[in-house]
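# Geometric and topological summary
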Amino acid sequence: MANIRLRELVKEFGSTVAVKGISLDVEDGEFLIMVGPSGCGKTTTLNMISGLETPTSGEIMIGERVVNDIEPGDRGLGMVFQDLALFPHMSVFENIAFGLRVQKLDDEEVTNRVRAAAEAMHILPLIYKKPNQCSGGESQRVALARTIVNDPDVFLMDEPLSSLDAKLRVDMRTELKRLHDRLKATFVYVTHDQAEAMTMADRIVVMNGGKVEQVGGPLEIYDTPMSRFVAGFFGTPTMNFLEGEIVNQNGEYLFQSSSLEISLPSGDLKNLTNKNVVLGIRSEHVNISAGDQKGQVKLIEPLGDATLVFFEFGKEEQIVAKVGPNLRLSTGDQLTFSFQIDNCHLFDQSDGHRLN
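Let me sum up the structure you'll find in this document. All figures in this text were calculated on a predicted structure; none of them were measured in a lab.

Reading the values: the criteria
Residues numbered from 1 in each chain as written. Predicted model: local features only at pLDDT ≥ 70, side-chain atom pairs only at ≥ 80, totals over all residues. Heavy atoms only, no water. Pairing = 2+ DSSP bridges. Helix = DSSP H or I, 4+ residues; strand = E, 2+ residues; numbered from the N terminus. Buried < 20%, exposed > 50% of the residue type's maximum accessible area, 1.4 Å probe, protein only. Contact = heavy atoms within 4.5 Å.

## A look at the pairing of strand 15 (residues 286-302)
Working note: regular strand, side chains alternate between the two faces of the sheet. With seven bridges connecting them, strand 15 and strand 18 (residues 334-339) associate as antiparallel partners. Within strand 18, the position partnered with Val286 by the bridge is Phe339. Note: strand 15 against strand 16 (residues 307-313), six bridges, orientation antiparallel. Bridge pairing links Pro302 to Thr307 in strand 16. Once strand 15 ends, the chain turns through four residues before running back antiparallel as strand 16, passing Gly304 with a positive phi of about 100 degrees.

Put into structure tokens, the structure is as follows:
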């Protein structure tokens, strides 16, 4: 087992700075997921941990060792990437055994370890097939078995599920979580899929523009986003945002946009008076058929267990509400709505940082 320490990690590609001074601690046995849009630096960071990229500056520690100058094969890591890179001419057995053969282990130990890894990944009946005879989900399990057979201290995974269909991704998320619980190893997992991050991670690292925007547990990230970027990245549908300002009206703080005025929770908002802000509210915290604000339905999206209602109000401002499946509305219907004010978020208009 091993922890990972990153200190002021920087990676430059010519004039482009892909990673801008990241410092991060990954605890022993933790399932940490790095998430963010394409180009945010998450894969580059993973590649520096693995040794596939050399940092421009900064320090990487795995356990008690500084590994900046240690070859990838000597870092005690297991890596699974989007491109599974299975050898098509080899059987599943030999694909899993490849790393053990390189180590020149005896045949009996190779067989025992391969069968144990295949059994752990539920692919024992497949070990004499070729990769092209396996489904996408089975091939993914082969790649995982090839990694766990070497008993690494740390697993590094770069979007390993992105090529699978939706149902297989859900199934494999469960398999990966069970694998982590069983092995008690350190997992560092990179994805752009916020659903994967929310369902699997012990902690999430949200990256944007080569920097860390926020680190926290899944519910902390969702319930208390520290920036407008994080708030907008997590949640389906994305959080509603309205631009306006905070005003003090006889001791009561109000949010005013061009089309609405709502009371804010009692609290110290004195420093925000007359400040331009962005109010964020998640779709599940918008109440339909309640309050005195009026809107008109523009689009309905039934999801089965819920319905998304996209509506317009005031001067062509639009938001979406997530309601129960039994609320029947049609495009063009008039409605009234209100916000659950305790679940409103305030962000600075200029740089997007959280204000409340």
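## Digging into helix 1 (residues 42-50)
With eight of nine residues buried, helix 1 is to be regarded as a mostly interior element. Residues Lys42, Thr44, Thr45, Leu46, Asn47, Met48, Ile49 and Ser50 constitute the buried set of helix 1.

## A word on the side chain of Thr186
Topologically, Thr186 is positioned in strand 8 (residues 186-191). Overall, the relative accessible area of 0% leaves Thr186 in the buried class. Ignoring sequence-local partners within four residues, the contact set of Thr186 consists of Ala2, Val26, Glu27, Asp28, Gly29, Glu30, Asp153, Val154 and Phe155.

## Observations concerning the pairing of strand 16
Strand 16 sits mainly inside the fold: five of its seven residues count as buried. Two strands pair when backbone bridges link them, and strand 16 and strand 17 (residues 317-323) are joined in this way by seven bridges, in the antiparallel orientation. Residue Phe313 lies in a different strand from strand 17, and its bridge partner there is Glu317. Count of turn residues in the strand 16/strand 17 antiparallel hairpin: three residues, of which Gly314 carries a positive phi of about 55 degrees.

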